[in-house]
Amino acid sequence: MNNTSHQQYEKARKRIHQKKRFYVHFILFIIGASILFGLTLIKGFNISNSPIYIYILIVIWFVLLLLHFIKAFITTKFFDDEWERIQTQKLLQKHDEKIVKLEKKLQKEGVLPTPTSQKKKGFFAQFKKDQKVTLIAALGTNNELGKDNDLIWHLPKDLKRFKSLTTGHHIIMGRKTFESIGKPLPNRTTVIITRDVNYKFEGCLVANSLEQALDLAKKDETPFIIGGAQIYNQALKTATNLEITYVHHEFEADVFFPKIDLTIWEETARELHKADEKHAYDYSFVSYKRK
Ligand SMILES: NC(=O)c1ccc[n+]([C@@H]2O[C@H](COP(=O)([O-])OP(=O)(O)OC[C@H]3O[C@@H](n4cnc5c(N)ncnc54)[C@H](OP(=O)(O)O)[C@@H]3O)[C@@H](O)[C@H]2O)c1
């Protein structure tokens, strides 16, 4: 089963569970309300003298049932995880756009220096045609990337692949990802992206924008962009290749990879690996290139 079908299967399974819970609730309500109503009809029975509380109880239960119906059939259908993720991404994008505008304004006013890369027209157009700007990431079933500024799985074969692909190359990352790793990785040129113009770390290059980072790596035939979510979101528009590890499991996460649009990306290789004693989940290595 490929990743998309797996996601669809998981969504369908969740929806069925939600609907099932609602139907059980509905049957319980019919039985419960009938019994309660029946009690009010038994002559001489204590409750039948003042049935108003029973009616209030039935109405409250009915309202709860109605709320359950709205949750099962309306809220989760239209405002699901995907909807939340898209809204978060839109917000982040707006936030980034505001910062870019502000940076430009400050550069015009001379408060911030103009990065050399922005002086050139059409920065991305100047990449050598054969340069592969590659995004490399590992994602859960719902595009989960990490939680609390850390990874959420340990897959030694994925780390091995990451090492073999990136060794000898520039690895470009956001400041938060760098701080979660804690040090420059050996045999690679680490480029950290931060808005902090005073940021320094021994053995690393520092850039104040994605464009600057790519400028620093322009002599590398295959620079790798290794995360995290903020940087993937910005770089997906310009990358030429993707190396994705799909971990076939759902995780709790607070950062997500953007949706991979298959009208833009063509899958060129796929390798499925089954879980074993060292790998808790099935996972697939998938390569894409821009169409
Ligand atoms: N599963 C995977 O393959 C994978 C890979 C990498 C990371 N991760 C996970 O992703 C999470 C971290 O991702 P994240 O999105 O929170 O942070 P991130 O993308 O690693 O770093 C964000 C930081 O990058 C800087 N930045 C972003 N856009 C910029 C721009 N346009 N110009 C200048 N600087 C910019 C800012 O640094 P300043 O605040 O210093 O200005 C920002 O706070 C962690 O949980 C990590 O474990 C997962």
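What counts and what doesn't
Residues numbered from 1 in each chain as written. Predicted model: local features only at pLDDT ≥ 70, side-chain atom pairs only at ≥ 80, totals over all residues. Helix = DSSP H or I, 4+ residues; strand = E, 2+ residues; numbered from the N terminus. Buried ≥ 20, exposed ≤ 12 C-beta atoms within 10 Å, placed from the backbone. Contact = placed C-beta atoms within 7 Å. pLDDT = per-residue confidence, 0-100. Near = placed C-beta within 6 Å. Nonpolar A, V, L, I, M, F, W, Y, C, P; charged D, E, K, R; others polar. Pairing = 2+ DSSP bridges. Right-handed = clockwise from strand over helix to strand, strands pointing away. Core = buried A, V, L, I, M, F, W, Y, C linked by C-beta atoms within 7 Å. Axes fitted to C-alpha atoms, helices over the stretch in contact; angles between N-to-C directions.

Peer 1: How do you make sense of the overall build of the protein chain when you look at a structure like this?
Peer 2: Counting its secondary structure elements, the protein chain contains nine helices and 10 strands. Every one of the 291 residues in the protein chain was classed for burial, and the buried ones make up 21%. For the protein chain, contacts bridging at least 24 residues in sequence account for 64% of all contacts bridging at least 6.

Peer 1: Mind showing me how you'd approach the confidence of the model for the protein chain here?
Peer 2: Confidence in the prediction of the protein chain, expressed as mean pLDDT, is 87, and 89% of residues score 70 or more. The model gives residues 117-123 a pLDDT under 50, and that stretch makes eight contacts with residues more than four places away or in other chains.

Peer 1: Just checking my understanding: could you explain the site of the ligand for this structure?
Peer 2: Close to the ligand lie 29 residues; G146, G174, T177, G227 and G228 are nearest. Elements represented by at least two residues in the shell around the ligand include exactly strand 1 (134-139), strand 2 (144-146), strand 3 (170-174), helix 7 (175-181) and helix 9 (229-235). Its residues assigned to classes, the shell around the ligand comprises 11 nonpolar, 12 polar and six charged.

Peer 1: Quick question: what am I supposed to make of the pairing of strand 4 (residues 189-193) here?
Peer 2: Sheet faces and side chains relate simply in a regular strand, where the side chains alternate between the two faces. With four of five residues buried, strand 4 lies mostly within the body of the structure. Note that strand 3 and strand 4 share five bridges and pair parallel. Bridge assignment links M173 to a residue of strand 4, and that residue is I192. Tracing the backbone out of strand 3, into helix 7 and back to the parallel element strand 4 gives a crossover that is right-handed. Summarising the sheet, strand 4 and strand 5 (residues 204-207) pair through four bridges and their orientation is parallel. Bridge pairing links V191 to L205 in strand 5.

Peer 1: Is there a simple way to think about the nonpolar core in this case?
Peer 2: Side chains of a nonpolar character, in soluble globular proteins, are inclined to be buried together. Within the largest apolar cluster, 40 residues are counted, with the highest numbers of intra-cluster contacts made by A137, I172 and I225. Per-element tally for this core: the top contributor is strand 1, with five residues. Among all residues touching A137, those that are not within four sequence positions of it are L145, G227, Y232, I244 and F257.

Peer 1: Is there a simple way to think about the environment of G168 in this case?
Peer 2: By the secondary structure assignment, G168 is in the loop between helix 6 (156-166) and strand 3. For the pair formed by G168 and P186, sequence separation is 18 residues and the distance between their alpha carbons is 9.0 Å.

Peer 1: Got a minute to help me understand the sheet that holds strand 4 in this structure?
Peer 2: In a beta sheet, neighbouring strands are held together by backbone hydrogen bonds and run either parallel or antiparallel to one another. Read from one edge of the open sheet, eight strands run 5-4-3-6-1-7-10-9, paired in mixed fashion. Both outer strands of the open sheet, strand 5 and strand 9 (265-273), are each paired with one neighbouring strand and no more. Bridging between strand 1 and strand 7 (residues 241-247) involves six bridges; their strand directions are parallel. By the bridge assignment, A137 is partnered in strand 7 with I244. Along the sheet, helix 6 makes contact with strand 1, strand 3, strand 6 (224-225), strand 7, strand 9 and strand 10 (283-290), crossing strand 1 at roughly 175°.

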